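An overview of the molecular structure
What follows is the residue order along each chain.
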Amino acid sequence: MRRIVFALLTLLLLTPCRGASRNPVPKGVQTTVYQNGQVIRIYDRSVTEPVRIFVISDTHLFRSDEREDPYRQYSKRMSKAYNTTRHFLSGKPTNPEESLLQTLSLAREKKADAIAVLGDLVSYPSEAGVEWAKAVLDSCGIPWFYTTGNHDWHYEGTEGSEIDLREEWTRKRLLPLYKSYNHECYSVTVKGIKLIFVDNATYQILPSQLKAFSAEIKGKEPKLLFGHIPYYAPGYGITTVAHPDWGYDTDRGYRAERRERWPVDGFNKTTMDFWRAILKATRRNHLVASFSGHHHVQQTAIVDSWTQFTVAANCQGGYFEVVIEPMPEKKPQLFRATVIFHKKGRFLLIFLETEFLHIDSLLLRKTLQHGGFFELLAGAHFANGTGLFEFALEFLQGPFDVLTVFNRYYNHLKITSFSIKWLQR
Ligand SMILES: [Fe+2]
């Protein structure tokens, strides 16, 4: 019987301790953001359950059929722009459709709660391209939300202002992607996180969009802002919304893209007000981060309290996996102790196993001395976040006194297991 008990207790000693492994976070920290490659991890105090959102942009699908024939003079350049690509990490050949399917497959595998599609999903408003994209997005079984890029609605060489062309071709071709949402600005809430989508694909913001955004940004819930074109951050290139140098003289692409040249006066006041509203919202309205595409390369910009992530082009395999989780809170420290008593009551071993490296071994030593134990014979060693403290002690008191001592000095700790075993002579 004694051998069975001994074996069981040994097994218990070797069983990993179940307990909190997170470090406490100082008071006053509301949100922290980490990035590791394509994974962005956000911890926020007001989040109650993990939320996983995939972000993609710039898939640049080029599929077309006979319905495209009347428009081929306007889609000629872009229909060949990204037909074969190289994966942005591996350098291996890929293509827009393969990249999108792989990303959706990964999102399914990771059980994503939502997918944000940030425009240039197609290289021109091809009906076949839009239909194929909608079909594969629908079939992946994850709620997805879309906003346009500057190519989704643009047939190069067609007459009209950027704003008028966006309205016309959004209405004619892109409404199935928006479902019932207003393309100018809309929001959805996913597990308590508000996702705000603003169509900034003309580089400019309309007064109606600023008004809608101002209404959406109210409320205390965490919010993420999505749009195709990145917003200006000092150091970012000219092709950003609200860049002070953006305008007629700096427009290098209007001839190739056969579109209206950027305005002489640069950005309108509403666009600049919108940019300021973003910065303000990061301080006052719990706007956690912004996400964009358009540049095709992965970038991160931090301006004071505002963080902006730009995702690599999905036609080259780019995506972000954004995980928003509850802030690690200070929790009762859990540990497991195994006490081994000598049969004749002269010797005691305590194995104290904890997932916390910062357990106060000095305090433990004092505790044990105060409790009548003396002489700490063995040291401690640490490995992979687990501290194993091994103490050999003169035994003076019975096992219940040991528990009493532990409870008196470590009443903020929760003992997950406490076992006592007797040594064989
Ligand atoms: Fe773009």
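Criteria and cut-off values
- Here the residue numbers are simple positions, counted from 1 along each chain's written sequence.
- Whole-chain, interface and lining totals are the exception, using all residues; otherwise, since this is a predicted model, local features are given only for residues with pLDDT of at least 70 and side-chain atom pairs are given and counted only at 80 or more.
- Burial is judged by counting other C-beta atoms within 10 Å of a residue's own C-beta: 20 or more means buried, 12 or fewer means exposed, and anything between counts as partly exposed, with every C-beta placed from the backbone.
- Per the convention used, a helix needs a DSSP run of H or I reaching at least four residues, while a strand needs a run of E reaching at least two, with both numbered from the N terminus.
- Pairing between two strands requires that DSSP report at least two bridges joining them.
- Think of each axis as a best-fit line through the C-alpha atoms, taken over the contacting stretch in the case of a helix, with angles from 0 to 180 degrees between the N-to-C directions.
- Here, residue contact means that the backbone-derived C-beta atoms of the two residues sit within 7 Å.
- Multiplying 1.5 Å by the helix residue count minus one yields the expected span of that helix.
- Bend, in this description, refers to the angle at a residue between axes fitted to the seven residues ending there and the seven starting there.

A word on the pairing of strand S11 (residues 287-292). It is a general feature of regular strands that their side chains alternate between the two faces of the sheet. Judged by how many residues are buried, S11 sits mostly within the fold: 6 of 6 residues are covered. Both strand S10 (residues 223-226) and S11 contribute to a ladder of 4 bridges, which runs parallel. Looking across to S11, one finds that Leu224 is bridged to Ala289. When S11 meets strand S13 (residues 306-310), the two strands line up parallel, connected through 3 bridges. Residue pairing in the sheet places Phe291 in a bridge with Phe309 of S13.

What follows concerns the sheet that holds strand S8 (residues 185-190). Reading across from one edge, S8-S9-S10-S11-S13-S12 is the order of the 6 strands in this open sheet, with mixed pairing throughout. Looking at the sheet topology across the chains shown, the edges are occupied by S8 and strand S12 (299-303). Strand-to-strand twist of the sheet, defined as the mean angle between neighbouring strand axes without regard to direction, takes the value 20 degrees. Contacting S8 and strand S9 (193-198), helix H6 (residues 207-216) runs over the sheet at an angle of about 20 degrees to S8. Sheet contacts for helix H8 (residues 269-284): S10, S11, S12 and S13; angle to S11, the most-contacted strand, approximately 140 degrees.

This brings us to helix H5 (residues 162-178). Between its first and last C-alpha, H5 extends only 19 Å over 17 residues, short of the 24 Å set by a 1.5 Å rise per residue. Taking the largest bend as the criterion, H5 deviates by roughly 60 degrees, centred on Lys172, and proline Pro176 comes between one and four positions later. Burial in H5 covers these residues: Arg166, Thr170, Arg173, Leu174 and Leu177. The elements touched by buried residues of H5 are helix H4 (127-139) and strand S7 (144-146). Among the residues trailing H5, Lys179 stands out with phi positive, at a value near 55 degrees.

Geometric descriptors of this kind do not, in isolation, establish any biological role.
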